[in-house]
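Analysis of the macromolecular model
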Amino acid sequence: MSKEHSQKPKETDQYTTNVLQNGISRRTFLTRAAVGTGGLAIAGLAGTASAQTAEASLEYANIDDATLGFMPKPKPIADKDIASTKTFDVIVVGAGASGVPAALSAAENGAKVAVLQKQAIVVSQGNTGSGIDLKTTPKASVEAMVSRLMKDSAHRCHPELLRSWAYHSGEAASWVIDRAKKGGAQVVNQGTKPQHGIRGVSEYPLEFVTSYFGPKPYTAGDGMRALAKTAEKAGVEFFFNMPAQQLIQDESGKVIGVIAQSRDGKYHKYLANKGVILSSGDYQNNKAMSNYFIPDLKNFERKQMDRTGDGFSMAFWAGGVIEPAGHTKMLHDFDAGPASMCDMPFLAVNRKGERFVNETVEMSLMNNYLRDEVNAGHYSQVFDADYMTQAADWPGHLYSPEEMKIYMPEDPTPKKGVYPSLINTYSANTLEELAVKLECDPKTFVANIKRYNELCKKGQDDDFGKNSKKMVPVLKPPFYGIHRRMRVSAVCSGMLVNENHQAINADGKPIDGLYVIGNLGGGFYGGVDYPLTVFGLSLGRCYTFGYLTGKHVAKL
């Protein structure tokens, strides 16, 4: 940890005290269960005979009299059922954007490392991972960035975790770029250029290292597979098609290993001399878990697969605490049209063709207006032939009509640097024709555009109060529309950890031997939605905490 970071006043205790009150842990249900068996509901109950009896009788976690079927208690696996046992210094569960960096970092710091992966390959998503370049950024700007991210998360996140990212992310992102290149990755440092959202964060210089695995359809998944090749050369052993089933704890509660199950049904024990790092991702594909923690997501499609919350269950039953309900979600669509135009306040209409919002709302927040079953995250941005002039001063980068063609499925222009199956931008000479292409009701669509044009002419948005400088009419053909659909990219909340990313229990004490990173780790966010102030914050966080945690555990 840097000198600047270590000198900050400790805020961890206050944060931990606040979130533990409403977090979900074994103590939460043991307290209630023990009352049902005649035990006393007092602090420290988990150690009493009545609590132990209650736990033994339960098959699932129970919170506020609700049985959580997505949290089955792991059934003991007898030694006679273990087909093999291997011992390493560090076991990493999950080979993604946090797990692969953690494994390589641990290996580079002298540890013997194994990675257990549920899938047959390394899996990750996205393209951009960002960090602050401390060489060119003064400390005042670093702290201004931390303060802004605190605000983005409604001041509900762990300040020291934000500072951990802020003071180490540039180093980590540069390290990932370097090591991924050695594995053959297609990656560049884009610097501060893509960071449109940081304008006004600090009055002093604020510079970034922005790793980019691309262009699409090349992604961070390809990049992490290249990084894994570098890790294998460093001695890391990968075990694919080997989903972890449960953590192994000794009598003191220390996590000393993992039991996994191969595709043939056999169990395998992996012992860890130094620690287990869980990086198995979120729970977006676990319907019951999603409905419990984020019911808002009920009608939205998922972008990922196999994100079933296995790591949450394992960490929970080892004594970990899940962040209070109301988890942070990430929904966006950077692929239907130019990503750099997604936050431009063009006229927006819902699936019916109705204007529904003040369009200065960021695309990452638009899902909150589209939760119902009919819209289910769908909306369209609409503008006319004069958009290059009308939006010239808006933040972001405009694509010219010629450049826009790669996002138009009806245009024969070669689709380079995009996902052909996701592009969804159209042009038409009439509004009625555009409505059909955007899957809106033409009559409703035209009526709403007529109303919007009247407000633009008036210079006053009586319907939603948008600033008059952002009110541009839709009058001149050809007309353009980008049909975006918000899908769940990630759930960004998880198990509570301390500043070393070590899981903590219901008393706020670290669980010996257990570390949690990536989207399984909690405390870094706190708002309803993932903030897009820093473009690439999600992958940047994963790279940074994987890099730091691997190094930390290896040196124990």
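The following paragraphs examine the structure supplied in this document.

Conventions adopted
Residues numbered from 1 in each chain as written. Predicted model: local features only at pLDDT ≥ 70, side-chain atom pairs only at ≥ 80, totals over all residues. Heavy atoms only, no water. Helix = DSSP H or I, 4+ residues; strand = E, 2+ residues; numbered from the N terminus. Rg over C-alpha atoms; globule rule 2.2 N^0.38 Å. Buried < 20%, exposed > 50% of the residue type's maximum accessible area, 1.4 Å probe, protein only. Contact = heavy atoms within 4.5 Å. Areas by Shrake-Rupley, 256 points an atom, 1.4 Å probe, with all protein chains shown as cover. Expected span 1.5 Å × (residues − 1). Bend = angle between axes of the 7 residues up to and from the residue. Phe/Tyr/Trp six-rings, centres within 6.5 Å; stacked < 30°, edge-to-face > 60°. Pairing = 2+ DSSP bridges. Axes fitted to C-alpha atoms, helices over the stretch in contact; angles between N-to-C directions. Salt bridge = Lys/Arg side-chain N within 4 Å of Asp/Glu carboxyl O. Polar contact = N/O pair within 3.5 Å; in protein donor to acceptor, adjacent residues only side chain to side chain. Parallel < 35°, antiparallel > 145°, perpendicular 65-115°, else oblique. Left-handed = near helix turned anticlockwise from the far one by under 90°. Nonpolar A, V, L, I, M, F, W, Y, C, P; charged D, E, K, R; others polar.

1. Comments concerning the overall build of the protein chain
- Scanning the protein chain from terminus to terminus reveals 15 helices and 19 strands.
- Taken over the C-alpha trace, the protein chain has a radius of gyration of 25 Å; the compact-globule value for 556 residues is 24 Å, and the two agree within 12%.
- Overall size of the protein chain, expressed as C-alpha extent along the three principal axes, is 75 × 55 × 50 Å.
- Put simply, the protein chain has 556 residues, and 57% of those count as buried.
- Contacts spanning at least 24 positions in sequence make up 72% of the contacts within the protein chain whose residues lie at least 6 apart.
- Total accessible area on the protein chain is roughly 22,700 Å²; 50% of this is exposed by carbon and sulfur atoms.

2. Comments concerning helix α7 (residues 159–182)
- Between its terminal C-alpha atoms α7 stretches 34 Å, which fits the 34 Å expected from 24 residues at 1.5 Å a residue.
- Along α7, the sharpest change in direction is near 55° and occurs at His168.
- Downstream of α7 by one or two residues, Gly184 has phi in the positive range, about 95°.

3. A look at the packing of aromatic side chains
- Overall, the coordinates contain 22 aromatic pairs when judged by the stated rule.
- Ring geometry for Tyr387 and Tyr480: centres 5.4 Å apart, planes at 70°, overall edge-to-face. Taken together, the residues span a long stretch of sequence, with Tyr387 in helix α11 (residues 387–390) and Tyr480 in strand β16 (residues 479–485) at a distance of 93 residues.
- The class of Tyr480 is buried, set by a relative accessible area of 7%.
- Through a chain of ring-to-ring contacts, the aromatic side chains of Phe70, Tyr283, Tyr292, Phe293 and Phe312 assemble into a single cluster.

4. What to know about the pairing of strand β19 (residues 510–516)
- Where burial is concerned, most of β19 is hidden: 5 out of the 7 residues are buried.
- As defined by bridge partners, strand β11 (residues 267–278) adjoins β19 across 3 bridges and the pair is classed as parallel. Bridged to Leu278 within β19 is Val516.
- Pairing geometry for strand β18 (residues 502–504) and β19, over 2 bridges, is antiparallel.

5. Points about the sheet that holds strand β15 (residues 425–428)
- Strand order in this open sheet of 4 strands is β13-β14-β16-β15, and the pairing throughout is antiparallel. The open sheet is flanked by β13 (347–349) and β15, the only strands paired with a single partner. Shown here is a sheet whose adjacent strand axes are inclined to one another by a mean of 25°, direction ignored.
- Where strand β14 (residues 378–383) lies against β16, 6 bridges are found, and the strand directions are antiparallel. Bridging from a neighbouring strand, Phe383 pairs with Tyr480 of β16.

6. Digging into the side chain of Thr544
- Looking at the element boundaries, Thr544 is found in helix α15 (residues 537–554).
- Those residues in contact with Thr544, other than ones at most four positions away along the chain, are Ser164, Trp165, His168, Ser169 and Ala172.

7. Notes on the sheet that holds strand β6 (residues 187–189)
- The strand order across the open sheet built from 3 strands is β5-β7-β6, with neighbouring strands paired in antiparallel fashion. Every interior strand has two partners, whereas the edge strands, β5 (128–132) and β6, have only one. Adjacent strand axes in the sheet meet at a mean angle of 15° when their direction is disregarded.
- Here β5 runs beside strand β7 (residues 208–213); their pairing, made up of 5 bridges, is antiparallel. Looking across to β7, one finds that Thr128 is bridged to Tyr212.
- Sheet contacts for α15: β5 and β7; angle to β5, the most-contacted strand, approximately 70°.

8. Concerning the environment of Gly281
- Considering the arrangement of structural elements, one finds Gly281 in the loop between β11 and α9 (287–293).
- In this structure, the C-alpha to C-alpha distance between Gly281 and Gly99, residues 182 residues apart in sequence, is 9.4 Å.
- Not counting chain neighbours up to four residues away, the residues in contact with Gly281 comprise Arg307, Phe312 and Leu520.

9. Some details on the pattern of salt bridges
- One pass over the structure, following the stated rule, counts 23 salt bridges.
- Residue Lys182 pairs with Asp178 through a salt bridge whose shortest N-O separation is 3.5 Å. On the criterion of helical spacing, the pair formed by Lys182 and Asp178 is a turn pair, its members being 4 residues apart in helix α7.
- Taking the relative accessible area as the measure of exposure, Asp178 reaches 32% and is therefore partly exposed.
- Here the salt bridges do not stand alone but share partners, grouping Glu108, Asp178, Arg179 and Lys182 into one network.

10. With respect to the pairing of strand β10 (residues 255–261)
- In terms of burial, β10 is a largely internal element, 5 of the 7 residues being buried.
- As judged from the 5 bridges shared by strand β9 (residues 244–249) and β10, these two strands associate in the antiparallel manner. By the bridge assignment, Ala244 is partnered in β10 with Ala260.
- Here β9 hands over to β10 after 5 residues, with Gly253 in that stretch at a positive phi of 95°.
- Where β10 and β11 come together, 5 bridges link them in antiparallel fashion.

11. A short note on the environment of Val472
- Considering the arrangement of structural elements, one finds Val472 in the loop between α14 (442–458) and β16.
- For Val472, a relative accessible area of 11% puts it in the buried group.
- When neighbours within four sequence positions are excluded, Val472 is seen to be in contact with Gln390, Trp394, Tyr452 and Cys456.

12. Points about helix α8 (residues 220–233)
- The first and last C-alpha atoms of α8 sit 20 Å apart over 14 residues, in line with the 20 Å expected at 1.5 Å per residue.
- For α8, the set of buried residues is Ala220, Gly221, Gly223, Met224, Ala226, Leu227, Ala228, Thr230 and Ala231.
- Lining the buried residues of α8 we find α5 (99–108), α7, β7, β8 (237–239) and α15.
- The N-cap of α8, judged by a side-chain oxygen 3.0 Å from the amide nitrogen of Gly221 a few residues on, is Thr219.

13. Comments concerning the packing of helix α6 (residues 139–152) against α7
- Running from amino to carboxyl end, α6 crosses α7 at an angle of 135°, the nearest separation of the two axes being 10 Å. Between α6 and α7, the crossing angle belongs to the class labelled oblique. Helix-helix and strand crossings are classified by hand; for α6 and α7 the assignment is right-handed. On the side of α6, the interface is formed by Lys139, Val142, Glu143, Met145, Val146, Leu149 and Met150, while α7 contributes Pro159, Leu162, Arg163, Trp165, Ala166 and Tyr167.
- For the contact of α6 with α7, the residue count by class is 10 nonpolar, no polar and 3 charged.

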